[in-house]
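Summary of structural features
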Amino acid sequence: MSRYLPVILGMALVTYLPRLFPLMLLNKLRLRPLMMRFLQLVPYTSLSILIARGILTSDPEMLPAAVGGILAAGALAYWKGNLVLSVLSGIGVSFLLITFI
Amino acid sequence: MSDDRKKSIRQGMVAGSPLILGYFPIAMAFGLLAKNTGLTIMDTSATSMLVYAGASQFMFLDLVRAGVSTGSIILATFLLNLRHMMMSASLSVNLKKDTSGFLPIIGFGITDETFSVLSFNKDKLSLAFILTVNLIAYLSWIGGTAVGYLVGEVIPKALQDSLGLGLYAMFAALLFPSFKVNKDYLKPALLGAMTYFAIFKTGLLSSGWDIIAGIVIASVLGVIVMGKEDKDE
């Protein structure tokens, strides 16, 4: 047995259970409107937090590439609505900024 | 197979395809880093297959390098991934009926990325659609890990770095268009960014707690600001 197996299995368990429980429990309950509203807002708050965290925790030399890629992808998705094209363009802008700055 | 199910699978492939771009390169970076940390390819693949959570897998390598104990690594992983509880709860209210016997499988596949794609397609959450999106993400993650372990060194650093930023590009590409559909959603998004900024600057919360506290605080503030009225459903 690999010496890392216990820690990998432990990590797997503590990652899986929080993903599973709300799905099993809330599926059966009738939620109050305020709770529904809270859960409805979670995608917007969590995505913007993940983006903010990505910017705030990136290395200083990667910052222009991170911000540029995010803005390019977001703007293109906003106007054109094509997700794959937007992500590819974001990566392209990041690559240019990393290479030339 | 019914036409409905075929249509759901097709829609799932369209919605899930950006996940390949978001996941594969980052999984490659993980595979390469795991190799440099001294893990075998079996351990590296097992981590991606069983834990299946990007940020915490990188943290795992950091902590292994630092010689941190097994218990501490597991606790840190728990905290970092606890945010998926909020995401799982948010998804649960939009699942279609045919998902009911498959929640253990659906739950396993909830990550930041699949959650983002699924919750911005919440009118389509049938079993076939969800499993298609989740499988695309899962296979990209596992495939990328193996490829990164085996041949990761050949990719130039600048390209690796920009591909790694693809994840944030995808988050933005999912979030921004929703403001066009309903500009009210600018409010929770701005609240999220401002709340996280405040948490980050005070530095009181460790990694993991910062994200989950941010999601809870910003969503509560959102409910206070916006009320329970729900124009979009």
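Everything numeric here is computed off the predicted structure, so don't read it as measured data. (Residues numbered from 1 in each chain as written. Chains lettered and ligands numbered in written order. Predicted model: local features only at pLDDT ≥ 70, side-chain atom pairs only at ≥ 80, totals over all residues.)

**What about the packing of helix H4 (residues 83–100) of chain A against helix H10 (residues 166–181) of chain B?**
Operational definition: All axes are obtained by fitting lines to C-alpha atoms, using only the stretch in contact for helices, and the reported angles, taken between N-to-C directions, cover 0 to 180 degrees. Each helix is a run of DSSP H or I of at least 4 residues and each strand a run of E of at least 2, with the numbering of both proceeding from the N terminus. Note on angle classes: values under 35 degrees are labelled roughly parallel, values over 145 roughly antiparallel, values of 65 to 115 roughly perpendicular, and the remainder oblique. Each helix crossing is assigned a hand: it is left-handed if the near helix lies turned anticlockwise from the far helix by less than a right angle, otherwise right-handed if that turn is clockwise. We call two residues in contact whenever the C-beta atoms placed from their backbones are within 7 Å. Gly is put with the polar residues, along with every residue not named as nonpolar or charged; the nonpolar set is Ala, Val, Leu, Ile, Met, Phe, Trp, Tyr, Cys and Pro, and the charged set is Asp, Glu, Lys and Arg.
Two elements in contact, H4 of chain A and H10 of chain B, have axes separated by 8 Å at closest approach and are oriented at 140°. In terms of orientation, H4 of chain A and H10 of chain B fall into the oblique class. Once H4 of chain A is placed against H10 of chain B, the crossing between them reads as right-handed. For the pair H4 of chain A and H10 of chain B, contact is made by Leu83, Ser86, Val87, Gly90 and Ile91 of chain A and by Gly166, Ala169, Met170 and Ala173 of chain B, respectively. Looking at the contact of H4 of chain A with H10 of chain B residue by residue, the classes come out as 6 nonpolar, 3 polar and no charged.

**A closer look at the environment of Ser45 of chain B**
Residues and elements named next belong to chain B. What counts is decided by this rule: Any residue with 12 or fewer other C-beta atoms within 10 Å of its own C-beta is exposed, any with 20 or more is buried, and the rest are partly exposed; the C-beta atoms used are placed from the backbone.
By the element assignment, Ser45 lies in helix H2 (residues 41–51). Accessibility expressed as a C-beta count within 10 Å gives 17 for Ser45, which makes it partly exposed. Residues Ser45 and Ser100, spaced 55 residues apart in sequence, show a C-alpha to C-alpha distance of 30 Å. When neighbours within four sequence positions are excluded, Ser45 is seen to be in contact with Ile142, Thr145 and Ala146.

**Quick word on the domain arrangement of chain B**
Residues and elements named next belong to chain B. In plain terms, the rule: Throughout the structure description, domain borders are defined by an automatic or database domain assignment.
By domain assignment, chain B separates into domain 1 (3–174) and domain 2 (182–233). In this structure, domain 1 and domain 2 have C-alpha centres spaced 23 Å apart. With 6 residues of domain 1 at the contact, the number on the domain 2 side is 6 residues. Put simply, the parts of the chain that give the side of domain 1 that touches domain 2 at least two residues each are helix H4 (70–81) and helix H5 (83–92). Of the residues forming the side of domain 1 that touches domain 2, the biggest block, 3 residues, is contributed by H4.

**Concerning the interface of chain A and chain B**
Taken together, the contact between chain A and chain B spans 64 residues of the former and 81 residues of the latter. Sorting the residues of the side of chain A that touches chain B by element identifies helix H1 (5–26), helix H2 (33–56), helix H3 (63–80) and H4 of chain A as the ones contributing at least two each. Looking at the side of chain A that touches chain B, the element that brings in the most residues is H2 of chain A, giving 22 residues. Class assignment of the residues belonging to the side of chain A that touches chain B gives a composition of 45 nonpolar, 16 polar and 3 charged.

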